[in-house]
Amino acid sequence: MDFSVKKLASGAGLFLTRAVQFTEEKLGQAEKTELDAKFENLISRADCTKHWTEKIYRQTEVLLQPNPIDHTGARIEEFLFEKLDWKVPSRVTNAELLGQYMQDAAKEFDLGMPYGNTLEKVGECEKRLGEAEKEFLQTSAISFLTPLRNFLEGDWRTISKERRLLENLRLDLDACKTRVKKAKVAEAKAATAPDFQETRPRNYVLSASASALWTEEVEKAEHELRIAQTEFDRQAEVTRLLLEGISSTHVNHLRCLHEFVEAQAAYYKQCHLHMQELQKELGRLPNAFALNSTNAIATPSMVTEGSSSPVETDTLKIEEVQPPATGTRKARVLYDYDAADSSELSLLADEVRFHHQPGTRQPVYGYWSLARNLSRAWSKQ
């Protein structure tokens, strides 16, 4: 118990001495041991390396896991599994999930229909893209993220610890220098010979005794200074070696960066191949949308000057219309048309005309009148 109290008191006294020295340095009342320029450059380089390595590491994590909520949950899950020494389960990527939804929808919409068949093909491609993404994430985490994290959580923590220890030893060294300086000043004052005519013998004896005490104090302070200087030099050398190791860290990170670029290039190349295969497969499927677009009639606003409209080049001629057979015939009106006389019919756009009177001339007349009106309507557009 006594040992703990003494140790605590010694630690508190040391902390107070360092605090006083640090405060006096900030106020300009005490000298500070400056490190050499090369050592300062090593420190600046190490700080710069830590700063940008941390930024690159965080942003790479965001790139590989864009959703911050998912990223936080994934980090917590990885931390728990790591502490429990369990294997982290494989996660489903967003592309794989999208592909699964598309394939489920295709089954509901009937795979025999163009839309359902296309959903099935696209969903399968999205799953392949998700598998490629998962492989890219695993490769990037192993080859790029892990070395950066090891530096931040391992090497940099060691460097920071040794730098803090070096700073504390520097404060102790400067405190010892200040103590020696003050002791020498006091010794010089005490060693000054008194005037025997104005000084009593008793005061002379006291002055000689004080001089001896200050001499002993100077010797003690100088001994502590030599010890502090030795410890500081040894710690400075250790810290210097660690800081010089930043060059090896740069070489290692350079190799990891090349591996990350190769993994990223392979991932995008694989995705490009998958999309090209999907385009070829979709090109071989019947496309109802393309057929509807091909059969649609262009509007006048889509026809540019100097070009011929499909309506004009393929105008319906009355003599080409065949008489209808018995049964119901329907015709949808494309444009509005006002009848010129009583023999014609007035038509409205999207209007449907149909007749079903077998055995009479009325349906034929109605059909021919409708065809003639449509022909005139198209010729006026």
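Quantities reported herein were computed from a predicted structural model and do not represent experimental measurements. (Residues numbered from 1 in each chain as written. Predicted model: local features only at pLDDT ≥ 70, side-chain atom pairs only at ≥ 80, totals over all residues. Heavy atoms only, no water.)

Participant: Where do I start with the packing of aromatic side chains in this structure?
Facilitator: For any pair of aromatic rings, the description consists of the separation of the ring centres together with the inter-plane angle of the planes. For the structure shown, the criterion picks out 6 aromatic pairs. Aromatic side chains F144 and F260 sit 4.7 Å apart centroid to centroid with 20° between the ring planes, which places their arrangement in the stacked category. Linking F144 in helix α5 (residues 114–190) with F260 in helix α7 (residues 246–284), this pair joins segments that are 116 residues apart in sequence. Given a relative accessible area of 5%, F144 falls into the buried group. With a relative accessible area of 8%, F260 lands in the buried category. (Phe/Tyr/Trp six-rings, centres within 6.5 Å; stacked < 30°, edge-to-face > 60°. Helix = DSSP H or I, 4+ residues; strand = E, 2+ residues; numbered from the N terminus. Buried < 20%, exposed > 50% of the residue type's maximum accessible area, 1.4 Å probe, protein only.)

Participant: Explain the pattern of salt bridges here, please?
Facilitator: Side-chain pairs of opposite charge can arise where the charged atoms are in close proximity. Under the criterion given, the structure shown has 11 salt bridges. Across the pair R170 and E167 runs a salt bridge whose closest N-O atoms are separated by 2.8 Å. Pair noted here: R170 and E167 are both in helix α5, with a separation of 3 residues, about one helical turn. On the basis of relative accessibility, which here comes to 3%, the residue R170 falls in the buried class. Among the charged side chains, a network of salt bridges with common partners joins E167, R170 and D174. (Salt bridge = Lys/Arg side-chain N within 4 Å of Asp/Glu carboxyl O.)

Participant: I tried to follow the environment of R18 on my own but got confused; where do I start?
Facilitator: Tracing the sequence through the fold places R18 in helix α1 (residues 2–27). R18 sits 156 residues away from D174 along the chain, and the two C-alpha atoms are 9.2 Å apart. Among all residues touching R18, those that are not within four sequence positions of it are N168, L171 and D172. (Contact = heavy atoms within 4.5 Å.)

Participant: Is there a simple way to think about unusual backbone geometry in this case?
Facilitator: The phi torsion of most residues other than glycine is negative, and most of the peptide bonds are trans. In this structure, D110 is a non-glycine residue whose phi angle is positive, near 85°. Examined against the element boundaries, D110 turns out to sit in the loop between α4 (94–109) and α5.

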